[in-house]
Amino acid sequence: MSDGSRHIPLAEEPLSERHKLGWGLAALVVAGNMIGSGVYLLPVSLASVGSSSLVGWLVAGAGAVTLALVFGALGRLQPDADGLPGFAERGLGRFAGYQTALAFWTACLVGNVAIAVAATGYLGFFWPVLRDPVAATFCNLGIIWIATIAYIVGARTASRLAAVALAVGLAPIVIAVAAGVMAFDPEIFAASWSPSGTALAQSVPASLAVIFWAFLGVESAAALSVRVKHPARDVGRASVAGVLLATVIYIAATVAVFGVIPADVLAESSSPYADLAARVFGASIAGVVAVCAVVKTVGTVGGWVMLGGETARAAARHGYLPSGFGQGERTPIANPLLGGAIMSVVAVISGQPTLGGQFSVLVGVTAVLSLVVYAICSAALFQMARWSHARIVAVAGFLFATAAVAAAAPGYILPTVGFFAVTSLAWLAFLRKSNPRVDPAAGDA
């Protein structure tokens, strides 16, 4: 890697106040990062669980609010920490910070590919050729690089892209909920309750990791804490507000889709909300839904590209990644370019015969990796907290995250175990004797 003097910073990286995010914009980034492909394609992945997934949404929503409180407390306690790795390092030491940095960065990259897959699925509503694996892969790559270029232009550009896309993306959800109100059939909803006949005690825990994919982004404000104007106050506000908005939307959308489309039909869809609109309002409105879904998912990719880049920059700052990923609070252009290249590789090697199959694999792995990161951050909060209520929140967050991981399918857990085994060996070989951990500048929690 070249030295710092030869790095080309991104256009808007100097951290003057005018370049930082207020809590409202940060909250929209949080909500925008969650309300993406989780709403638009996840019903296909949950078709086997059926309308009983509503219970899973409620459980996951409660867990997400708990984790939002965890990140809010961390923001108050360590307002100058540089994202999630900074929280983990200050609470549990450099090894935990290192693992958090690499796991969260990897989750951002893999998750971005899943979101691009969702966008391609809705583009397939207009161009069925995109349901072909080869054509879909090229479309995925195009979406990834559009978002990467937005981040290269500047972090605020990516934030605004995500915020604007959220506003556009809510339109098809409103249409879908309206369709559900008009055409809701209790018999279809009841018949889809558990298509496989599995008891709730088994189906809900098993689906939590996949459902929680839709809540990934709860940590967005904390991960971008160095970009927020008043992190001690605003990280918590942004996190909780974003989660509550997303939870209400998810529940309404789930009831709508499972009350109109039978589960067996839903399982074959690549654009479930466009299909819902087509059943109730006709093809023209369905086309509007598909366009809005594409805009929203592309905007979500933009938000997650920014999160991945900021996490890699923070990791480089702490010595966990090469200096080419970041110099202090400045992000070299090599950072998003390398991220885009890695995402391109993942998009190619994760290809499946169907978009739904590819989406499910990427979602499961991303969710489990992220839940492990959330558990580490909860443990860090418990270690650093001064007040009993913060420790209670930390314990609740840790228990939820570990339980969700334990209930996940083995196909999602095994890649995560392999990831941490490889990163642990790399730590022992290269980084164990590196610079000492950062001393915390404690706040109040």
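Definitions and cut-offs
Residues numbered from 1 in each chain as written. Predicted model: local features only at pLDDT ≥ 70, side-chain atom pairs only at ≥ 80, totals over all residues. Heavy atoms only, no water. Helix = DSSP H or I, 4+ residues; strand = E, 2+ residues; numbered from the N terminus. Buried < 20%, exposed > 50% of the residue type's maximum accessible area, 1.4 Å probe, protein only. Areas by Shrake-Rupley, 256 points an atom, 1.4 Å probe, with all protein chains shown as cover. Expected span 1.5 Å × (residues − 1). Phe/Tyr/Trp six-rings, centres within 6.5 Å; stacked < 30°, edge-to-face > 60°. Lys NZ or Arg CZ within 6 Å of the ring centre and 35° of its normal. 1 Å grid on protein atoms, 1.4 Å probe; cavity = no way out; pocket = protein on both sides within 12 Å on 5 of 7 lines; lining within 4 Å. Points joined across faces, edges and corners; volume = space filled by probe spheres on them. Nonpolar A, V, L, I, M, F, W, Y, C, P; charged D, E, K, R; others polar. Arc of directions from axis to C-beta. Axes fitted to C-alpha atoms, helices over the stretch in contact; angles between N-to-C directions. Parallel < 35°, antiparallel > 145°, perpendicular 65-115°, else oblique. Left-handed = near helix turned anticlockwise from the far one by under 90°. Contact = heavy atoms within 4.5 Å. Patch = residues over 30% accessible without salt bridge, like charges linked within 9 Å, V, L, I, M, F, W, Y side chains within 5 Å. Salt bridge = Lys/Arg side-chain N within 4 Å of Asp/Glu carboxyl O. Core = buried A, V, L, I, M, F, W, Y, C linked by side-chain atoms within 4.5 Å. Polar contact = N/O pair within 3.5 Å; in protein donor to acceptor, adjacent residues only side chain to side chain. pLDDT = per-residue confidence, 0-100.

Draft legend 1. Inspection of the overall build of the chain at higher detail. Helices and strands together make up the secondary structure of the chain, namely 19 helices and zero strands. Across the 445 residues in the chain, those meeting the buried criterion constitute 59%. Carbon and sulfur atoms make up 69% of the accessible area of the chain, which amounts to about 15,900 Å² in all.

Draft legend 2. How the structure looks around helix α15 (residues 283–317). In this model α15 runs 51 Å from its N-terminal to its C-terminal C-alpha over 35 residues, within 8% of the 51 Å that 1.5 Å per residue would give. Judged by how many residues are buried, α15 sits mostly within the fold: 28 of 35 residues are covered. One or two steps after α15, the chain reaches Gly319, where phi turns positive at roughly 85 degrees.

Draft legend 3. Spatial organisation of the packing of aromatic side chains. Taken as a whole, this structure holds 16 aromatic pairs when the rule is applied. Clustering of aromatic rings is evident, with ring pairs tying together Trp57, Phe71, Phe212, Phe215, Tyr250, Tyr374 and Phe400. Over the aromatic face of Phe382 sits the side chain of Arg391, whose NZ or CZ is 4.7 Å from the ring centroid.

Draft legend 4. How the structure looks around the layout of surface pockets. Taken as a whole, the largest pocket encloses approximately 240 Å³ of empty space. Lining the largest pocket are 16 residues, and of these Ser45, Ser48, Val49, Ala206 and Ser207 lie nearest its centre. At four residues, the largest contribution of residues to the lining of the largest pocket is made by helix α10 (residues 200–212). When grouped by side-chain class, the residues that make up the lining of the largest pocket number eight nonpolar, eight polar and no charged.

Draft legend 5. Structural detail: helix α16 (residues 334–349). When the terminal C-alpha atoms of α16 are compared, their 23 Å separation across 16 residues agrees well with the 22 Å that a helix rising 1.5 Å per residue should span. For α16, the set of buried residues is Asn335, Pro336, Gly339, Gly340, Met343, Ser344, Val346 and Ala347. Buried positions in α16, seen along its axis, are confined to an arc of 165 degrees and lie on one side of it.

Draft legend 6. Main features of the packing of helix α7 (residues 133–153) against α16. As a packed pair, α7 and α16 sit with axes 10 Å apart at the nearest point and diverge in direction by 165 degrees. Judged by the inter-axis angle, α7 sits roughly antiparallel to α16. Pair α7 / α16 crosses with right-handed handedness. Facing Thr137, Leu141, Ile144, Trp145, Thr148, Tyr151 and Ile152 of α7, the residues of α16 in contact are Pro336, Leu337, Gly340, Ala341, Met343, Ser344, Ala347 and Val348. For the contact of α7 with α16, a count of residues per class yields 11 nonpolar, four polar and no charged.

Draft legend 7. Just a nonpolar patch on the surface, in detail. Taken together, Phe126, Trp127, Val129, Val291 and Val295 make up a surface patch of nonpolar side chains, about 460 Å² in accessible area. Note on placement: Val291 falls in helix α15.

Draft legend 8. The arrangement of the nonpolar core in detail. Counting residues in hydrophobic clusters, the biggest one holds 126 residues, and the most contacted among them are Phe212, Tyr273, Phe359 and Tyr374. Per-element accounting of this core gives the leading share, 19 residues, to helix α6 (residues 94–123).

Draft legend 9. Highlighting the side chain of Ser370. On the secondary structure map, Ser370 appears in helix α17 (residues 355–384). Judged by its relative accessible area of 1%, Ser370 is buried. Reaching out from Ser370, the side chain makes a polar contact with the backbone oxygen of Thr366 at a distance of 2.9 Å.

Draft legend 10. How the structure looks around the packing of helix α4 (residues 53–77) against helix α18 (residues 388–407). Where α4 meets α18, the closest approach of the two axes is 9 Å, and the angle between their N-to-C directions is 135 degrees. When the axis of α4 is compared with that of α18, the two are oblique. Crossing geometry of α4 relative to α18 is assigned as left-handed. For the pair formed by α4 and α18, the contact residues are Val59, Ala60, Gly63, Thr66, Leu67, Leu69 and Val70 on the first element and Val393, Ala394, Ala396, Gly397 and Phe400 on the second. For the contact of α4 with α18, the per-class residue count stands at nine nonpolar, three polar and no charged.

Draft legend 11. Broad picture of the side chain of Ser192. Topologically, Ser192 is positioned in the loop between α9 (186–191) and α10. Its relative accessible area of 3% is what places Ser192 among the buried residues. Among residues more than four places away in sequence, those in contact with Ser192 are Val49, Gly50, Ser51, Ser52, Phe258, Ile261, Pro262 and Ala263.

Draft legend 12. Expanded view of the confidence of the model for the chain. When the pLDDT values of the chain are averaged, the result is 78; 79% of them are 70 or greater. The spread of mean pLDDT over the elements of the chain runs between helix α11 (residues 220–223), the lowest at 62, and α18, the highest at 91. Note that residues 1–15 has pLDDT below 50 and, in this model, 41 contacts with residues that lie over four places away or in other chains. Confidence drops under a pLDDT of 50 for residues 436–442, and excluding neighbours within four residues, the segment shows 20 contacts in the predicted structure.

Draft legend 13. How the structure looks around the environment of Ala375. Tracing the backbone shows Ala375 in helix α17. Excluding residues that lie within four positions of it along the chain, Ala375 makes contacts with Phe398, Ala401 and Thr402.

Draft legend 14. Highlighting the environment of Val204. Among the structural elements, Val204 can be located in helix α10. Along the primary structure Val204 and Val59 are separated by 145 residues, whereas in three dimensions their C-alpha atoms are 8.7 Å apart. Excluding anything up to four places from it in sequence, Val204 contacts Ser52, Val55 and Gly56.

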